[in-house]
Amino acid sequence: MARLDPYTPTPAARASRIVVMVLPIVIGLACVLLSFVPVGRIFGSSNMPAFALMAIFYWAVVRPDMFPVYAVFVVGLLTDLLSAGPIGLWAFTYTLIYIVVLTQRFLIVNAPFSVFWFGFLLAGLLAGAVSWGLASLIYGAVLTVRPIMMHVLVTVAVFPLFSFLFGRIERRILSSV
C-alpha cells in the first residue's frame, strides 16, 4: 500500500495566504493615501472624509485578528507624516479609537447596520474630540471646533459606502481565512 504524506501547501498557496492576511493592512494604508486625494473638490467641499478611520473601525469590529494594533499605529503615523501636522497626533488617536472599539466590539459585531453606523458615529466623535484636544494642547491655543465637526460629519456620511466595499472584500477574498 502506498504511503500518503501529510498535506503540505504549495509555495503559491502559502504566498496567497500571506497576501490575504495583509490585505486589511494594505487597505488601511490605501485609505490613508485616498484621504489626501482632493475628492471633496468634486462636490464643492474642502472637507475630506477620514478614510483611514473607516478602515480602522471596520476591521476592528469585523476582523480584529487581521488588523492588529501595530498596523493601526503605522496607519496613524503615515497619516501624520503626509498631513504635515504634529507627529503622533493621528497615530495616538487611531490607536486609542482602535482600543476603545475592541473593548466595545461585542455590542456591535452581530447587530444591525444601524447600530454599526451609530457605533462609527460615536467613534468618529471621539476621534474628533481627541484630535482637537491634542492639537489644541500642542499648538497652545484653543482651536475652532467647526472644521473638525464638519470632518466628522462628512466621514460618518460616507461610511456606509466604504463599509459596503470593505464587506464585499471581506466576504469575497477573506472568507477563506
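Residues numbered from 1 in each chain as written. Predicted model: local features only at pLDDT ≥ 70, side-chain atom pairs only at ≥ 80, totals over all residues. Heavy atoms only, no water.

Q: For this particular structure, what's the right way to read helix H4 (residues 89–108)?
A: Note that an α-helix has 3.6 residues per turn; residues three or four places apart therefore point the same way. The end-to-end C-alpha separation of H4 is 27 Å, in line with the 28 Å expected for 20 residues at 1.5 Å each. Helix geometry: H4 is bent most strongly at Leu102, by close to 45°. Among all positions in H4, only Leu89, Trp90, Ala91, Thr93, Tyr94, Thr95, Ile97, Tyr98, Val101 and Ile108 are buried. (Helix = DSSP H or I, 4+ residues; strand = E, 2+ residues; numbered from the N terminus. Expected span 1.5 Å × (residues − 1). Bend = angle between axes of the 7 residues up to and from the residue. Buried < 20%, exposed > 50% of the residue type's maximum accessible area, 1.4 Å probe, protein only.)

Q: Could you clarify how one ought to interpret the packing of aromatic side chains in this entry?
A: The geometry of two aromatic rings is summed up by the distance between their centres and the angle between their planes. Under the defined criterion, the tally for this structure stands at 15 aromatic pairs. Here the aromatic rings of Trp90 and Tyr94 are separated by 5.4 Å at their centres, their planes lie at 40°, and the arrangement is tilted. With a gap of four residues between them, Trp90 and Tyr94 both fall in helix H4, about one helical turn apart. The buried category is assigned to Tyr94, whose relative accessible area is 4%. When the centroid spacing of 4.0 Å and the interplanar angle of 10° are considered together, the rings of Phe120 and Phe159 count as stacked. Here Phe159 lies in helix H6 (residues 146–172) and Phe120 lies in helix H5 (residues 113–139), a separation of 39 residues in the sequence. Summarising the burial analysis for this pair, Phe120 and Phe159 share the class buried. (Phe/Tyr/Trp six-rings, centres within 6.5 Å; stacked < 30°, edge-to-face > 60°.)

Q: I'm lost on the nonpolar core in this one. Help?
A: Grouped burial of nonpolar side chains is what soluble globular proteins tend to show. Of all hydrophobic cores here, the largest spans 38 residues; its most connected members are Phe57, Phe67, Tyr94 and Phe166. The set of elements that each furnish at least two residues to this core consists of helix H1 (11–34), helix H2 (51–62), helix H3 (69–83), H4, H5 and H6. In this structure, Phe67 is in contact with Pro24, Ile25, Gly28, Ile56, Trp59, Val72, Val75 and Tyr98, ignoring residues within four places of it in sequence. (Core = buried A, V, L, I, M, F, W, Y, C linked by side-chain atoms within 4.5 Å. Contact = heavy atoms within 4.5 Å.)

Q: Please clarify how the environment of Phe116 should be interpreted in this entry.
A: The residue Phe116 is located in helix H5 in this model. For Phe116, a relative accessible area of 8% gives the class buried. C-alpha of Phe116 to C-alpha of Ser163: the two residues are 47 residues apart in sequence and 9.6 Å apart in space. Once residues lying within four places of it in the same chain are set aside, the contact partners of Phe116 are Phe57, Tyr58, Val61, Val62, Ile108, Phe159 and Ser163.

Q: I tried to follow the packing of H2 against H4 on my own but got confused; where do I start?
A: Each pair of packed helices can be summarised by the angle the axes make with each other and by the distance between the axes. The geometry of H2 relative to H4 is characterised by a closest axis approach of 8 Å and an angle of 40° between their N-to-C directions. Relative to H4, H2 is oriented oblique. In the crossing of H2 with H4, the sense of the turn from one axis to the other is right-handed. Between H2 and H4, the contacting residues are Ala52, Leu53, Ile56, Phe57, Ala60, Val61 and Val62 on the first element and Tyr94, Ile97, Tyr98, Val101, Leu102, Arg105 and Ile108 on the second. Of the residues contributing to the contact of H2 with H4, the split by class is 13 nonpolar, no polar and one charged. (Axes fitted to C-alpha atoms, helices over the stretch in contact; angles between N-to-C directions. Parallel < 35°, antiparallel > 145°, perpendicular 65-115°, else oblique. Left-handed = near helix turned anticlockwise from the far one by under 90°. Nonpolar A, V, L, I, M, F, W, Y, C, P; charged D, E, K, R; others polar.)

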